[in-house]
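Spelled out, the chains give:
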Amino acid sequence: TLFPAVTGGSFLGQYSVSPPLSGGDGRGYAVEENGGYDVNGVASRSSAVLSGYDTLDSPPSYDFYANTEVFGRTRKIRPSLFQLHSNPEDDSSPPPLYEETNGNKESPEDEPTEPPPEPTRFGWVQGVMVRCMLNIWGVILYLRLPWITAQAGIGLTWIIILLSSCITGITGLSTSAIATNGKVRGGGTYFLISRSLGPELGGSIGLIFAFANAVAVAMHTVGFAETVQALMEENGSRMVDPINDIRIIGVITVTCLLAISLAGMEWESKAQVMFFMVIMVSFANYIVGTIIPASPQKQARGFFSYRADIFAENFVPNWRGPEGSFFGMFSIFFPSATGILAGANISGDLKDPNVAIPRGTMLAIFWTTVSYLVISATIGSCVLRDASGHINDTIMTGSAAGDCLGTACSYGWNFSECIANKTCSYGLSNYYQTMSMVSGFAPLIAAGIFGATLSSALACLVSAPKVFQCLCKDKLYPVIGFFGKGYGKNDEPYRSYLLTYIIAVCFILIAELNTIAPIISNFFLCSYALINFSCFHASITNSPGWRPSFRFYSKWASLVGAVVSVIIMFLLTWWAALIAIGIVLFLLGYVLYKKPSVNWGSSVQAGSYNMALSYCMGLNHVEDHIKNYRPQCLVLTGPPSLRPALVDFVGTFTKNQSLMMCGNVIIVRPSPEAVDAANSSSHVTWLNKRRIKSFYQGVVADDLRTGAQILLQGAGLGRIRPNILVMGFKRNWNKCPPTSIENYISILHDAFDLQYGVCILRMKEGLDLSHQMQAHSNATEPGPLLSNLSNVTFSAAVDPDSLTALPQPTTIFQTRQEKKTIDVYWLSDDGGLTLLLPYLLKRKKRWGRCKVRVFVGGEIQHVEEQKQDLTALLSKFRLGFHEILVLPDINEKPQPEQQIRLNEVLKDYSRDAALIIITMPVGRKGACPSTLYMAWLETLCRDLRPPVLLVRGNQDSVLTFYCQ
């Protein structure tokens, strides 16, 4: 043992004791043999009385960090700080409220006797690599890659393939990094982006990516339908006409695929394995076909097996048609590389997504890139661009060879007529089924096309609903939640399947592959850009939570991938790129406006923290200047919901301009419960709902003054710290004990000692709503709700959530003010704060219609002179205050029934004002009794109908008429 036994009745938190820990509520806390804790204290498996040598601390355990449970095994609970720190013999300190986490614990008889059915899970080969390869090997491989090779030439085709693979490869690395930074759930690409960049961008890209996959279903299905229609044409069969035949075949096909998807992931996975085997056989068949010597029939169609001069001719581009350009070919080919996220899109169905996604995705990109390069090079080395297909187009013996056009002339074929007339039916540039013609057995290529197109369509048909379901469950957008419901052990989104099916059918009716492909290119590129940016942003923020186990990525490569993806979007189809970006921005703006209550620890949050920290540190190097002075207010509100008028008033002139911090002092013995109540997030929630831009800080102290001192000295960060204390006027001061008045006035003295300005707001109806809350509480639940401390205190027994749940009345500071006046009584020069506050109010729309009047004291024989001097001073300050009144009679004796002359003046001049602002006199500390000073303030603003704001600056200038 490392420590001696505990003796003498003293207890240390790290030692266990024989009786179970218990709180004031009678609950026990017993330690278990395995280091876990039964919070109810009724299921302890301790086999012996624990001695003072035993420690209550538990060794590290997986259960402490997991948020899921294993069937049949009790989940261990980490001992709380209360259990370690509290004295088990002290019944006066019950456990804090936040430890009561077992209220919904099932009784033993309610627990299920059998484990829930285990959903189907896939490994990295079947779940990711095969699925990604099948989705990449789509319709473009068989039906468009030979045509692209004819247009761009072998050289540029390789560049197109490598550029696409470079973008997808970087994206694959970024995806792998994000996928290995924590446990991945269902939702695929949307889940990765939203949990990295937050709901704003994640939600917008989730909708776009799900829609792009739904359109991709149509693209691959149309490719399949084109192949079937071509086979029907070759055999002289037709249903209606070529276009409508493709539509009919496409709709029937996607309906069959929907049936497979609805059957479950097991059947879908088996179908994918079958398609993969078919494609492998078709590849082998194609390679064998390129080696077999060409028959006369194939030569008539332009196939001559491997020829160096054919390779040389086809190496350079030969652009034709409206799509005949590098980026035109790139836009058609790029969707064939977009299947890299097929495995990630079913992340919820993988055994170990953190391993499967990186390994399967990167291997799929590698092998498919190799296959594209090989097929492009081999078919470009074997087949001419143009051929007639006529077996009789040979060069007759003795005919003039000079009239023959093209490389075929050297092999005894003359395709000059169709080349000149541009009527050739075969060759790479004219015949989409070239791979079937080259292969050893054409039906196997047709089977490969069927396998590639159907597998890609099936993968997209599964991906789109899975992504959309996760988006629907997060409830970022209205209405779509209907499609998030899952069914069965795999939580299959049947409703999302039907929606995807409807979208796919709509695009199948276009029936033109070259029209559909560019539509989805921008959507996929937009998704890739955000995935790469997510990885870059998470890396650049240096968040401690960014710890991907996949190390083979670069934040700068991710940034390049994001930028290149955006550039290519505009180079492909600039108007489609603008539409895609516009949709993203619209959806982004909606989520920013709605502010969904989700917190995923995104890199945006980490970046915001870094920026805020950097700017705060930067301010330390800049000296304060009068021109940049801002009233940064510490408002002693108590719970903000109890003084909404005070919060609304200060929020009016600080919103989007300066610091506002609501302070709450809880007068109670420090305890975890009190600290938790003081800093409850419900107070911030209330401020946010009221659209008040304010911080909140709660403290626990033995008395009001001590708590206020803590706030005055500790609030803020660096130069972003309060410089003005704002309080409510203490209405019931004459009924309070002297210590309460002393504390209140002492807070003012403490603020002045700390060079704070002070503002006190008084309203005729008062500021404190605690009596209304008390009445509401008595009507619903018996017993005291709030303490009788009427200024800034709050009973620790109150649940803060109960305050924010109560209806809050509107205040006069929430509505637009009428055409009244803001009367400013600048009786003493406090540095200009008395003038600055009404100026800031006047700039706000709510107070814009009010006129500011400035009153000053004077002598009757110098009224005009004093008015001119003050007018000149205010004009230099550029405040826009033009109505100035000198009060020569302010020093006269009051009426017999009055006590203070200034109160008479206020009633005479400002009875109908919207707001009265008065320079507050300063009571000398230790010389002016607190009760006398309080009585003077009471008499000064007594019986005034408008709100009164008593203002006193710290005697430092806050206004200047100099430009530097």
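Read on for an overview of the structure. What you see is a predicted model; the values in this text were computed from it and never measured. (Residues numbered from 1 in each chain as written. Predicted model: local features only at pLDDT ≥ 70, side-chain atom pairs only at ≥ 80, totals over all residues. Heavy atoms only, no water.)

**Some words on the overall build of the protein**
Okay, step 1: Regarding its fold elements, the protein presents 31 helices and 13 strands.
Okay, step 2: Counting every position in the protein, which comprises 964 residues, the buried fraction comes to 52%.
Okay, step 3: Across the protein, every contact between residues at least 6 apart in sequence was considered, and the portion connecting residues at least 24 apart equals 79%.
Okay, step 4: If you sum the accessible surface of the protein, you get close to 44,100 Å²; carbon and sulfur atoms cover 58% of it. (Helix = DSSP H or I, 4+ residues; strand = E, 2+ residues; numbered from the N terminus. Buried < 20%, exposed > 50% of the residue type's maximum accessible area, 1.4 Å probe, protein only. Contact = heavy atoms within 4.5 Å. Areas by Shrake-Rupley, 256 points an atom, 1.4 Å probe, with all protein chains shown as cover.)

**Looking at the pairing of strand β6 (residues 695–701)**
Okay, step 1: Burial within β6 is extensive, with five of its seven residues counted as buried.
Okay, step 2: In this structure, strand β5 (residues 660–667) lies alongside β6, joined through seven bridges in parallel fashion. Bridge pairing links Asn664 to Gly698 in β6. (Pairing = 2+ DSSP bridges.)

**Focus on the state of the cysteines**
Okay, step 1: Evaluation of the coordinates by the stated rule reveals one disulfide.
Okay, step 2: The disulfide partner of Cys418 is Cys424, and the S-S distance across this bridge is 2.0 Å. Every disulfide takes its handedness from the sign of the S-S torsion; for Cys418 and Cys424 that torsion is 80°, giving right-handed. Take Cys418 and Cys424: they sit in the same class, and that class is buried. (Disulfide = S-S within 2.5 Å.)

**Re empty space enclosed by the protein**
Okay, step 1: This structure, assessed with the given rule, holds five cavities of 30 Å³ or more.
Okay, step 2: Computed from the structure, the largest cavity encloses a volume of approximately 60 Å³.
Okay, step 3: Along the walls of the largest cavity sit Ile136, Ile161, Ser164, Ser165, Thr168, Phe333, Ala337, Ile340, Ile365, Thr368, Thr369 and Tyr372, which together make up its complete lining.
Okay, step 4: For the lining of the largest cavity, the secondary structure elements donating two or more residues are α4 (145–179) and α12 (353–382).
Okay, step 5: In terms of residue class, the lining of the largest cavity is built from seven nonpolar, five polar and no charged. (1 Å grid on protein atoms, 1.4 Å probe; cavity = no way out; pocket = protein on both sides within 12 Å on 5 of 7 lines; lining within 4 Å. Points joined across faces, edges and corners; volume = space filled by probe spheres on them. Nonpolar A, V, L, I, M, F, W, Y, C, P; charged D, E, K, R; others polar.)

**Here we look at the nonpolar core**
Soluble globular proteins tend to bury their nonpolar side chains together.
Okay, step 1: Within the largest apolar cluster, 144 residues are counted, with the highest numbers of intra-cluster contacts made by Trp137, Leu141, Tyr142, Phe333, Tyr372 and Val383.
Okay, step 2: Discounting chain neighbours no more than four positions away, the residues touching Val383 are Gly302, Phe303, Ile310, Asn314, Gly427, Leu428, Thr434, Met437 and Val438. (Core = buried A, V, L, I, M, F, W, Y, C linked by side-chain atoms within 4.5 Å.)

**A few points about the packing of aromatic side chains**
Okay, step 1: Scanning the model with the defined rule gives 33 aromatic pairs in all.
Okay, step 2: A centroid spacing of 5.8 Å and a plane angle of 75° characterise the contact between Phe550 and Phe552, whose relative ring orientation is edge-to-face.
Okay, step 3: Looking at Phe550, the relative accessible area reads 13%, which means it is buried.
Okay, step 4: A relative accessible area of 66% means that Phe552 is categorised as exposed.
Okay, step 5: Every member of this aromatic cluster is reached through a ring pair, and the members are Trp137, Tyr142, Phe276 and Phe283.
Okay, step 6: The aromatic ring of Phe961 is capped on one face by Lys876, whose charged end is 5.8 Å from the ring centroid. (Phe/Tyr/Trp six-rings, centres within 6.5 Å; stacked < 30°, edge-to-face > 60°. Lys NZ or Arg CZ within 6 Å of the ring centre and 35° of its normal.)

**What about the pattern of salt bridges?**
Two side chains carrying opposite charge are able to pair once their charged atoms lie near each other.
Okay, step 1: Enumeration according to the criterion identifies 18 salt bridges in this entry.
Okay, step 2: In this structure, Glu226 and Arg144 form a salt bridge, with 3.3 Å as the shortest nitrogen-oxygen distance. Of this pair, Glu226 sits in helix α6 (residues 199–234) while Arg144 sits in the loop between α3 (139–143) and α4, and the two are 82 residues apart along the sequence. The same class applies to Glu226 as to Arg144, namely buried.
Okay, step 3: Among the salt bridges present, the one from Glu904 reaches Arg901, with a minimum N-O distance of 2.6 Å. Linking Glu904 with Arg901, this pair stays in helix α30 (residues 901–909), spanning three residues, or about one helical turn.
Okay, step 4: Using a relative accessible area of 6% as the deciding quantity, one classes Glu904 as buried.
Okay, step 5: When salt bridges with common partners are traced through the structure, they connect Glu623, Asp624 and Arg719 into a single cluster. (Salt bridge = Lys/Arg side-chain N within 4 Å of Asp/Glu carboxyl O.)

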